[in-house]
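Results of the structural survey
Now for the letters of each chain:
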Amino acid sequence: MTKPGSDADRMRRRELYDAATGLAGPRLLPWTTPDGNPCYLSTDGRGYLSTLADSIEAVQLGMGEELLEHVREVVAPGARALSATEYRWLASRLAEALTDALRVAESRGQRIPDPQEEAAEHA
């Protein structure tokens, strides 16, 4: 499992880099509107909402890790078979965790500078 502060530490380093290079911009948040549309925050990477988003991302990823550990136990050889309802519940939770993880990856990926653009700026 990941150390508790490691994701937050990486995000803080990324925010500092973004602020120093002027790359900060709209950030995809780890939650959606009630209609399921993405939420964005215009930010320099600091502030209450950015910190809240970092914390929620860490919680979402941690919950996904815990769910994955549980699933591995459930599907291990010799494990007790579950009912169809239990498997459906598990599949639903896995889909939710994957949705959260993909949103976190997209958000973080949007904040990583493009190496080709960086090379062009320094040329």
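How each quantity is defined
Sequence order as written defines the numbering, with residues in each chain counted from 1. Reporting in this predicted model follows two pLDDT cut-offs: at least 70 for local features of residues, and 80 or more for side-chain atom pairs to be given and counted; totals over whole chains, interfaces and linings ignore these cut-offs and use all residues. Only hydrogens and water are removed before side-chain values are computed, so all heavy atoms of the structure are retained for them. For helices, the fitted axis covers only the stretch in contact; all axes are lines through C-alpha atoms, and the angles between them, taken along N-to-C directions, range from 0 to 180 degrees. Secondary structure elements are taken from DSSP: a helix is a run of H or I of four residues or more, a strand is a run of E of two residues or more, and numbering for both begins at the N terminus. A clockwise turn of the near helix away from the far one marks a right-handed crossing, whereas an anticlockwise turn of less than a right angle marks a left-handed crossing. Residues are treated as being in contact if the distance between any of their heavy atoms lies within 4.5 Å. All amino acids are sorted into three groups, where Ala, Val, Leu, Ile, Met, Phe, Trp, Tyr, Cys and Pro are nonpolar, Asp, Glu, Lys and Arg are charged, and the leftover types, Gly among them, are polar. Salt bridge, as applied in this entry: a Lys or Arg side-chain nitrogen positioned within 4 Å of an Asp or Glu carboxyl oxygen. In this scheme, a residue with accessible area under 20% of its type's maximum is buried, one over 50% is exposed, and one in between is partly exposed, where area comes from a 1.4 Å probe on protein chains only.

Here the focus is the packing of helix α2 (residues 48-74) against helix α3 (residues 84-110). Axis separation between α2 and α3 bottoms out at 9 Å; the angle between their running directions is 145°. With respect to the hand of their crossing, α2 and α3 are arranged in left-handed fashion. Residue-level inspection shows Glu-57, Gln-60, Leu-61, Gly-64, Leu-67, His-70, Val-71 and Val-74 of α2 in contact with α3, the latter providing Tyr-87, Leu-90, Arg-93, Leu-94, Ala-97, Asp-100, Ala-101, Arg-103, Val-104, Ser-107 and Arg-108. Residue composition of the contact of α2 with α3, grouped by class: 10 nonpolar, 4 polar and 5 charged.

In the structure shown here, the tally under the stated rule is 7 salt bridges. Put simply, Arg-27 and Asp-54 hold a salt bridge, and the shortest N to O gap is 2.8 Å. Of this pair, Arg-27 sits in strand β1 (residues 26-32) while Asp-54 is found in helix α2, placing the two residues 27 residues apart along the sequence. Assigned by exposure class, Arg-27 and Asp-54 land together as buried. With its nearest N and O atoms 3.3 Å apart, the salt bridge here joins Glu-57 to Arg-27. In this pair, Glu-57 sits in helix α2 while Arg-27 sits in strand β1, placing the two residues 30 residues apart along the sequence. Across this residue pair, the class does not change: Glu-57 and Arg-27 are buried. Here the salt bridges share partners, and the residues they tie into one network are Arg-27, Asp-54, Glu-57, Arg-108 and Arg-111.

On their own, these measurements won't tell you what the molecule is for.
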